[in-house]
Structure formats: structure tokens, C-alpha cells
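Survey of secondary and tertiary structure
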Amino acid sequence: MQEQWDVASSEVTSGSRLSFQCWPSSRLEATRCVAPIGALYTPLKKLPPNCAPPTALQYDPVRCSTATCHAVLNPYCQVDFRSKLWVCPFCLTRNHFPPHYAENMSETNLPAELIPQYATCEYELPSVPDMGPPAFVFVVDTCSHAEELAELADSLQQALNLLPEDSLVGLITFGTNVQVHELGFEGIPKAYVVRGNKEYSPSRVGELLGCAGNQPVPQQNGQGAPGGAPGGAPNAPANQMAGPGYNVLQRFLLPVSECSFTLESILEDVRKDPWPVPSDKRVARCTGCALSVATGLVDLAMPRRGARVMLFTGGPCTSGPGQIVSRLKTEDMRSHADLAKNAESLHKPACEFYASLAHRRQGKNAPAGTATTAAAHVVDVFACSLDQVGMLEMRELVEATGGLMVLGDSFGQSVFKESLRRVFNRYPDDIPEDGGKMSMAFAASLEVLTSREFKVSGAIGPVTSLNKKGPNVSDIEIGKGGTSAWSLGGIDPSTTVAIYFDVTNPGTTPLSSNKRRYIQFLTRYLHSSGKTRIRSTTLVGNWQNAEGQDQQQQQAMANNPVKLSFDQEAAAVLTARVAVHRTETEDVADVLRWIDRSLIRLCTKFADYRPDDPSSFRLSPEFSLYPQFMFHLRRSQFLQLFNSSPDEAAYYRYILTRENTTNSLVMIQPTLLSYSFNGPPTPALLDAESVRQDVILLLDTFFHVVVFHGETIAAWREQKYHEQEEHAAFRDLLDAPQADAQMIMDARFPVPRYIVCDQHKSEARFLMAKLNPSSTHNSPDGGGGGTQVFTDDVSLRVFMEHLMKLAVQS
């Protein structure tokens, strides 16, 4: 009797998905499994009340006393109720319970963190002061056309109404120079103009804005700075000398309730940058300088408090630090070919500049690409332009701070307008404690603890290494490795990090049959209310011990628990993230070869076949979809750079590395639904054969939602049959995919682009490019049913034939 594993249930109960539920017990066996051994973890996922306490526990967690461990008390700890001791499952240390636990605890009266089903617990730390509400700094590009600026101003005015009344807001506009608007100045609009051709440190920003000197804090009802002193502590003592941060909070960053009218009037009057632009030159746009001023402003005012710097840009940076293209129109924007040849002289300095903004507060002694503390200030980029804007160069700044990227064609598009609204999403009112509060969080860090038989290889996602060494850090690095803790910066309920593990137990020391493995994810973050929380999620799992198994059974692999516990969806996403990460340092052709070789080795290990007989090749249900995922990954926009700019490639890859398993799979292998008169909507194969004249197809690629009308359906629609009462069924058929498309778009960030197209028309390319080309212009029989795809790409059938042939070679 084969054991059935419910591989997807852990996503609901703990916010995690593992590639294998049961792990091989030795390093050699783990290497032979080929697929990465890892987990996809969503730190802020709201869990059902039977899997975690409904509200945060209002006390500090109990932690292991070992200096290299500090694991949090969890249901998998052995507890001695008589002597009031607990044994840490990670380092096996015996720890005493605190007195208030020991006095009240018994087998029938357990604290929440020891209740068996509460493997995830969230703690709100009373020992950390309330940091106050977050700040939002809008950084607006005024080089766009007047219509674009009007659309953007309208969206920002709507965004103001979505912010909590007590959150702080600031405004910076930029073109040739940077204008910092003083929202606390009443009467007339007042702005400080800063030259746009140089970088500014936080202290220099304070000097230029007249905030450098110390001034006495005016006494207000016995309290200090409203909304918190510069360090974030509310209730600062009166009569103390205020630093530059206090001045910034009085003049440039004000609560929404106090400055919304001033801000709205400034936005209504925003005009295109007045500096003249010669016809042979691009407009002067100092994006890098504006970002250095904005980050300097929040660093000065609120170094440890949550803040978002939200950049809205309509074109590339052409002046000052971060410049990615010359102002001369005779010089083109960088292409993939230029980057491959290192022919773009501005690319590397721009990357270094934006990276320096991300790591400016981390100190000079921190190794490159690492952080010493979690980033409290998030940088988001909203780019709406038909040309590139420099997302490739800005990606490290966004990634290191946990920011968001949105790429659109125009500020009037729903891709931008709706996405901006969703940044300020709140928890539903019926959620205990957090109902009605913003779902974003700041200053997040993730630490991973493991039991002794395996170590942490690294993480891939919107993370920066915190350079925390320890006994559970592996020498083998995958992604950002060499550490067991990372800064995530800004996170939301969908942010998902991939963690990779390395089984280090040697094959010479078999594990006992009742041995378990333990993983603990500790996420510390600043809630949007200003409180600091820690979420602890502990996972337990089995080891598969090959010792003592019958030789023939091992060869047959029939009841191998490692094989039966494989989660092909999670494994495909973990592999895709590794592939995307490798494209940063390797040629795409080498990454494709690595994917092919890994897939062949995986099939050789886990498939059932007779050597040298491809017709005998069989994959069990646990593995049957995995080759298909790899086929579509090879053809996806993540690895195929044809028809995408460097900015688009960076954008797509960044989104893939922060989304959960389901959304990532939709990106890799889009979903296709078929609508016809023959019955209800049915899932269709992502294949050229699914395209027929009498059907409507709904394609979801995550970034695009396409409603495709077959030739006959389109002709009927053009003849307006759907407007006639006797053809109500046809009207319903036309409406059904549009309603479903709206449901998809309502639940997604960034909002996908919505495309309605007809067979043989130009926009049908969005569908045709994603289909398996089972029938092409080269097909000998004309392709049979369906439609022909004009491509030289191999079809899934040819791909599988080659895979079977290579996998069974002895």
C-alpha cells in the first residue's frame, strides 16, 4: 500500500511548500535526488484559526538559552512537566521555563505555543517601543506629457484617501532639478530646489533644507515631537534639543490629516518641467538624485521607523548619478547585446549608485551586498513609459529594500491605477486584531534554524544577506548564501522567499528510524501599526533511511517515500528561481543546458523504465507534470530574451522571485480555459490544438489576461448576433470569459494587462507565443485540428521523445 502525501496542505496550515516532504538521510542520496531540497515560505500569510492563534500573543517568546541557537518554544519541544524543563529540538539543550510559565503550566493547561496544532505563533513584543505610523514619500517625475501628469496627479490624490489619517506623507518632484515641497508652510506653496546633477548624503540633505541645526522642541501637552521623535519613540521628553529629524517631521513629512489639502493643491498645479529641451536631445531627468534626496529625507527623520519612497517615473534617468543613457538622441538605450558585450559604459556606474543607496545605512564595514540591519525604508518603482526607464539598474535597490515594481505603458492604464490602489490594501474588517489595518509591513528579517543533520544553503527572493554565520550555515551556496538570516525589508501577505537546504549527514552514520528533522522560520517585522512582531513557524518531517532496505526494492523505487512525497509544483518553482538567479552571472544558454541536464538526471533517477528502451519509460503521477513545467520554463520570458528589453526581463524575473507557488506556476506555464456551446468552461491544454474557430479561450499568463475569440465567434459578434434576444446564449458565452477575467484581475498584484483579441489578428500573438507548437508550418500533415504556430521551436512531444531517449541510456 503506497502512502499518499498531501503535498499542498502545508501551504494552508503553515504558509510553506517543500519540494520533498520526506528527505533522503545522507548527502549522497540527497545529491542523487537532483531537484533542489528547499521550501517556499510566505511569512505574512494569514492562517486559519485552527492552525495559529487568531491574534498575536502579547508577550516576548520563550527562547533556547544556547548562544548559537535561540530557537523559539514550539509544539515539537519535549516538555518535562514535573521538573518544568523543555528540550530544544534543534540543539537538544535542556531549558528551564520562566517562573510565570512554570507556576501555571500542566498537561491540561498549555501555553498557546505548546498547543499541538499551533506550529505557527505570532508575538507582539511589549519590550520594543511603538515606532508610530509609517511615512510615504511620493517622488514624481515632471518630465512626462501634461496628460500623463494629470492622470498621475489624479491617482496620487486618490491614494491619499486610502492612507490612514495618522500616517505621514511627503512630496518630491523632479525633472532637471529636484523640488522638495514644504507641506508644513501655510499660505503659499513652498519648495526647496536642489541641483539634479549630484548625489546628496542625508546630512547634506538636512543642511540644504535648513534642518541641520538643533532647535528646542516646543512643549505640546507635555509631549515632544508629534507622531514620534526622530528615532521613532512617541512621547519624547519636552524641553530637549531637536535634531534635524524633528525639523523634517515638522516641515516636510506631515500626517495626512494635516496636509492633505496642501498636497492636493500642489498636485493639481503640477506642470511639466519648464527647462527647454533641444530637439536633438532627450529631456534632462535626474531620477538618481531625486531618490538620493528622498532616501536621505527619511533616513534623517525616521531612521528606525517604517517608510515607503514611491518613485513614479515616465522615462530614463539622463542626468546626474544613476544616469543610464546619454541626452543625445543619436545614442540608443542599452540592449541585451550591449550588456552581453559590456559595451554600455553607463550601466555599471548606475547599478553601483542604486546599490549604494540600498546599503547606505549599513555601515562601511559590512561586506558588499550584505546588510547589518533589516531595511525599514522601502523603495518602490512605478514606471509608465513606452521606452525603458532603468529598472534593470534600480532592481538591486528595490530588491534590497523589499520594494514593489510595476511596469506599464501609461499612467492612465489600469495596470498602474489599480496596482497603486492595491499597494495600500487593508486586512478585511472581520480579521481579529488586524482588521482594517494596512497589510504592508516594514523592517522584516527572516532567520532559519535547522536540526543538526542538514544546513541552510541560501535564499532566493527579495532578500539581502545579514551575514549571520553559525553551525547551520552550509559551505554550498545557492542564491544568497553564507548566512542563516536575511533582511527582507518591506513585505506583504504574498511575499514568498525560497530557502534551500543541504543535507550534510554522511552516509556512514545512518539515522534512527524515529528521527525527525526540524525547520524553524523566525520572521521579525514592524507592523503597519508601529508595533514590532515575531512570527515563528516550525516544520517537522521524516527522514528516509535507505539502510536495511531490500536491494531490489531500492532499485524498483516503488515504495520509496522520497519519491512519493515529491511536490512537483514547489520543485518547479524552486528550480525556476535558481535558473533566474543564475542568469545574473551566467549566459542564458548555459542555464538552459543546466536545466536540461538536471531534468535528464531526475528522470533517470525516478522514472520506471528498461535500460535503452524509450518505449518503456513511465513517470509516476508525482513527477508526470515536472518535465512539462521545465519545457515551458525554457520557453518563458524569464530565460528567452527575444522580444523583451533588459528592463522587462529584470521586471519579470523580480516578480517571479517574490510570488507564491501558484502564481509562479501560472507565470511558468500559463493556464488556458475554453468556452464553447458544448458545455461549461473547461481547462484546455496549452497547445495549438486548443485553438478552434468556434471557441473562446481565456489565457492567464499572470502579467497578461487574454480573451481570444475564434474566427467564427468573432464573425458572429461583428454581425451583432449577441444583441438579438433569440441569441441570448451567445451573449452569455461572450460575457462568461470576461467575467472570469475580471475575477482573476481583481485578486492580483501587479494588475495584469487585459487584452481582447480575435483569431488571425495582431494581438492574437499574446496567446500564440505561449502555446505548445504541436502543429507548425513545417508539420507534414498540415497540423490536423487546431491551428498552426509559425515557429521553429520544438513541440512538447519532440521534447519528451528526446528526454525519454536520453534518460534511459545505460
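Residues numbered from 1 in each chain as written. Predicted model: local features only at pLDDT ≥ 70, side-chain atom pairs only at ≥ 80, totals over all residues. Heavy atoms only, no water.

1. Quick notes on the overall build of the chain
Let me state the cut-off plainly: Helix numbers and strand numbers start at the N terminus; a helix is a DSSP run of H or I with at least 4 residues, a strand a run of E with at least 2. Restricting the calculation to C-alpha atoms gives the radius of gyration, and the globule rule supplies 2.2 Å times the number of residues raised to the power 0.38. Each residue is placed in one exposure class: buried if its accessible area under a 1.4 Å probe, protein chains only, is under 20% of its type's maximum, exposed if it is over 50%, and partly exposed if it falls in between. For this analysis, residues touch if any pair of their heavy atoms sits within 4.5 Å. The protein chains shown are the only cover counted for residues, whose accessible areas, like all others here, come from Shrake-Rupley with a 1.4 Å probe. Charge assignment in this entry is limited to Lys and Arg as positive and Asp and Glu as negative, and neither His nor the chain termini are counted. Think of each charge as sitting on NZ of Lys, CZ of Arg, CG of Asp or CD of Glu.
Summing up its helical and strand segments, the chain has 23 helices and 31 strands in all. A compact globule built from 810 residues would reach a C-alpha radius of gyration of about 28 Å, and the chain, at 28 Å, matches this within 12%. Sorting the 810 residues of the chain into buried and exposed places 56% on the buried side. Sequence-distant contacts in the chain: of pairs separated by 6 or more residues, those separated by 24 or more amount to 73%. Entry remark: accessible area of the chain is about 34000 Å², with carbon and sulfur atoms responsible for 51%. Positive and negative charge centroids in the chain, built from 72 and 87 side chains respectively, lie 6 Å apart.

2. Focus: the sheet that holds strand 29 (residues 696-700)
What counts here: Note on pairing: two strands pair once DSSP finds at least 2 bridges between them. Here an angle of 0 to 180 degrees is reported between the N-to-C directions of two axes, which are lines fitted to C-alpha atoms, with helices fitted over the stretch in contact.
Read across the open sheet, the 5 strands follow the order 28-27-29-30-31; overall the sheet is mixed. Looking at strand neighbours, the two that pair on one side only are strand 28 (679-683) and strand 31 (753-758), the edges of this open sheet. Across the sheet, the axes of successive neighbouring strands diverge by a mean angle of 15 degrees, strand direction being ignored. Pairing geometry for strand 27 (residues 671-676) and strand 28, over 3 bridges, is antiparallel. Bridge pairing in strand 28 places Leu673 opposite Pro683. Packed on one face of the sheet, helix 21 (residues 728-746) meets strand 27, strand 29, strand 30 (704-709) and strand 31 and runs near 5 degrees to strand 29.

3. Let's talk about the pattern of salt bridges
We apply this condition: We define a salt bridge as a contact between a side-chain nitrogen of Lys or Arg and a carboxyl oxygen of Asp or Glu at a distance within 4 Å.
Counting across every chain of the model gives 42 salt bridges. Asp141 is the partner of Arg285 in a salt bridge, and the nearest nitrogen-oxygen pair spans 2.7 Å. Of this pair, Arg285 sits in the loop between helix 7 (256-268) and helix 8 (287-301) while Asp141 sits in strand 8 (residues 135-141); the two residues are 144 residues apart in sequence, bridging distant segments of the chain. Here the two residues Arg285 and Asp141 agree in accessibility, since each one is buried. Among the salt bridges present, the one from Asp746 reaches Arg422, with a minimum N-O distance of 4.0 Å. Linking Asp746 in helix 21 with Arg422 in helix 12 (residues 414-423), this pair joins segments that are 324 residues apart in sequence. Owing to a relative accessible area of 47%, Asp746 belongs among the partly exposed residues under this scheme. Connected through shared salt-bridge partners, Lys46, Glu122, Glu124, Glu433, Asp434, Arg533 and Arg535 make up one network.

4. Considering the nonpolar core
Heads up, the rule is: Take the buried residues of types Ala, Val, Leu, Ile, Met, Phe, Trp, Tyr and Cys, join any two whose side-chain atoms come within 4.5 Å, and each joined set is a nonpolar core.
Judged by nonpolar contacts, the single largest core of 132 residues is most densely connected at Trp23, Val178, Ile499 and Phe501. The next biggest cluster of nonpolar side chains, apart from the first, holds 36 residues, and it includes Leu171, Leu254, Leu267 and Phe411.

5. Quick look at helix 15 (residues 568-582)
What counts is decided by this rule: The length a helix should cover is 1.5 Å for every residue beyond the first.
With 15 residues, helix 15 extends 21 Å between its outermost C-alpha atoms, agreeing within 8% with the 21 Å of an ideal straight helix rising 1.5 Å per residue. The element helix 15 is largely enclosed, with a buried count of 12 among its 15 residues.

6. Section: the packing of aromatic side chains
What counts here: Only centres within 6.5 Å qualify two rings of Phe, Tyr or Trp (six-membered ring in Trp) as a pair; their planes then separate them into stacked at under 30 degrees, edge-to-face at over 60, and tilted for everything else.
Throughout the structure, instances matching the rule amount to 34 aromatic pairs. On the basis of an interplanar angle of 65 degrees and a centroid distance of 5.7 Å, the ring pair of Tyr192 and Phe252 is categorised as edge-to-face. Within this pair, whereas Tyr192 is found in strand 11 (residues 191-194), its partner Phe252 is found in the loop between helix 6 (244-251) and strand 14 (254-255), the two being separated by 60 residues in sequence. Look at Tyr192 and you get partly exposed, because its relative accessible area is 21%. By relative accessible area, Phe252 is classed as buried at 1%. By way of ring pairs, the aromatic residues Phe20, Phe566, Phe606, Phe623 and Tyr626 are connected into one cluster.

7. Regarding the packing of helix 8 against helix 10 (residues 347-358)
Condition: Angle categories are assigned with fixed cut-offs, so that under 35 degrees is roughly parallel, over 145 is roughly antiparallel, 65 to 115 is roughly perpendicular, and the rest are oblique.
Contact geometry of helix 8 with helix 10 gives a least axis separation of 10 Å together with a crossing angle of 10 degrees. By the angle class used here, helix 8 and helix 10 are roughly parallel. In this structure, helix 8 contributes Thr287, Gly288, Leu291, Ser292 and Thr295 to the contact, and helix 10 contributes Phe353, Tyr354 and Leu357.

8. Considering the sheet that holds strand 6 (residues 94-96)
The strand order across the open sheet formed by 3 strands is 4-5-6, and the pairing between neighbours is antiparallel. What marks the edges here is a single partner per strand, and that holds for strand 4 (78-80) and strand 6. With direction set aside, neighbouring strand axes in the sheet form an average angle of 25 degrees. Across 3 bridges, strand 5 (residues 85-87) lies against strand 6 in antiparallel orientation. Considered in strand 6, the bridge of Val87 is made with Arg94.

9. Overview of the side chain of Asp299
Applicable threshold: Side-chain atoms alone can form a polar contact between residues adjacent in sequence; in general such a contact is a pair of N or O atoms within 3.5 Å, and within protein one must be able to donate a hydrogen while the other accepts it.
Within the secondary structure layout, Asp299 lies in helix 8. Look at Asp299 and you get buried, because its relative accessible area is 14%. Here the side chain of Asp299 touches His377 through a polar contact of 3.0 Å, side chain to side chain.

10. Considerations on the packing of helix 4 (residues 146-162) against helix 12
The cut-off we apply is this: For any helix crossing, the convention is left-handed if the near helix is rotated counterclockwise from the far helix by under a right angle, and right-handed if that rotation is clockwise.
As a packed pair, helix 4 and helix 12 sit with axes 10 Å apart at the nearest point and diverge in direction by 20 degrees. It follows from the interaxial angle that helix 4 and helix 12 lie roughly parallel. In the packing of helix 4 onto helix 12, the handedness of the crossing is right-handed. Contacts between helix 4 and helix 12 pair Glu151, Leu152, Asp154, Ser155, Leu156, Gln158, Ala159 and Leu162 from the former with Phe416, Lys417, Leu420 and Arg421 from the latter.

11. Quick notes on unusual backbone geometry
Outside of glycine, negative phi angles account for most residues, and trans bonds account for most peptide bonds. Here the amide bond leading from Phe749 into Pro750 is cis, since omega sits at -10 degrees, within 30 degrees of zero. Positionally, Pro750 belongs in the loop between helix 21 and strand 31. You will see that Ala443, though not glycine, has its phi angle at about 50 degrees, which is positive. As for its placement among the helices and strands, Ala443 is situated in strand 18 (residues 441-450).

12. Points about helix 11 (residues 391-401)
Counted residue by residue, helix 11 has 9 buried out of 11 residues, so it is predominantly covered. Looking at helix 11, one finds that the buried residues are Met391, Glu393, Met394, Arg395, Leu397, Val398, Glu399, Ala400 and Thr401. Looking one or two residues beyond helix 11, the residue adopting positive phi is Gly402, at roughly 75 degrees.

13. Let's talk about the environment of Val503
Mapped onto the fold, Val503 is located in strand 22 (residues 497-503). Classification of Val503 as buried rests on a relative accessible area of 2%. In this structure the C-alpha to C-alpha distance between Val503 and Tyr118, which are 385 residues apart in sequence, comes to 27 Å. Ignoring sequence-local partners within four residues, the contact set of Val503 consists of Trp23, Pro24, Ser25, Ser26, Arg27, Ala30, Ile37, Glu453, Phe454 and Trp543.

14. Section: the pairing of strand 23 (residues 516-527)
When you tally the buried positions in strand 23, you get 10 out of 12 residues, the bulk of the element. Of the strand pairs in this sheet, strand 18 and strand 23 are connected by 8 bridges, and their pairing is antiparallel. Looking at strand 23, one finds that Ser445 is bridged to Arg524. Pairing analysis gives 11 bridges linking strand 23 to strand 24 (residues 532-544), with the strands arranged antiparallel. From the neighbouring strand, Ile519 faces strand 24, where its bridge partner is Leu539. Linkage of strand 23 to strand 24, two consecutive antiparallel strands, is achieved through a turn of 4 residues, within which Gly530 is found at a positive phi near 100 degrees.

15. With respect to the confidence of the model for the chain
Applicable threshold: The pLDDT value tells you how sure the predictor is about a given residue, anywhere from 0 up to 100.
When pLDDT is averaged along the chain, the result is 90, and 92% of the positions lie at 70 or above. Mean pLDDT values for the elements of the chain range from 46 in helix 13 (residues 551-556) up to 98 in strand 3 (residues 38-41). Low pLDDT, under 50, characterises residues 219-241; the stretch is placed with 44 contacts to residues that sit more than four places away or in other chains. Contacts for the low-pLDDT stretch residues 550-556, under 50 throughout, to residues beyond four places or in other chains number 5 contacts.

16. Details of the pairing of strand 29
A large share of strand 29 lies buried, amounting to 5 of its 5 residues. Residues of strand 29 alternate between two faces, with Ile696, Leu698 and Asp700 on one and Leu697 and Leu699 on the opposite face, all of them buried. With 5 bridges connecting them, strand 27 and strand 29 associate as antiparallel partners. Note that in strand 29 the partner of Tyr675 across the bridge is Ile696. Here strand 29 pairs with strand 30 via 5 bridges, running antiparallel. Bridge pairing links Leu698 to Val707 in strand 30. What sits between the antiparallel neighbours strand 29 and strand 30 is a turn of 3 residues, in which Phe702 has the positive phi angle 80 degrees.

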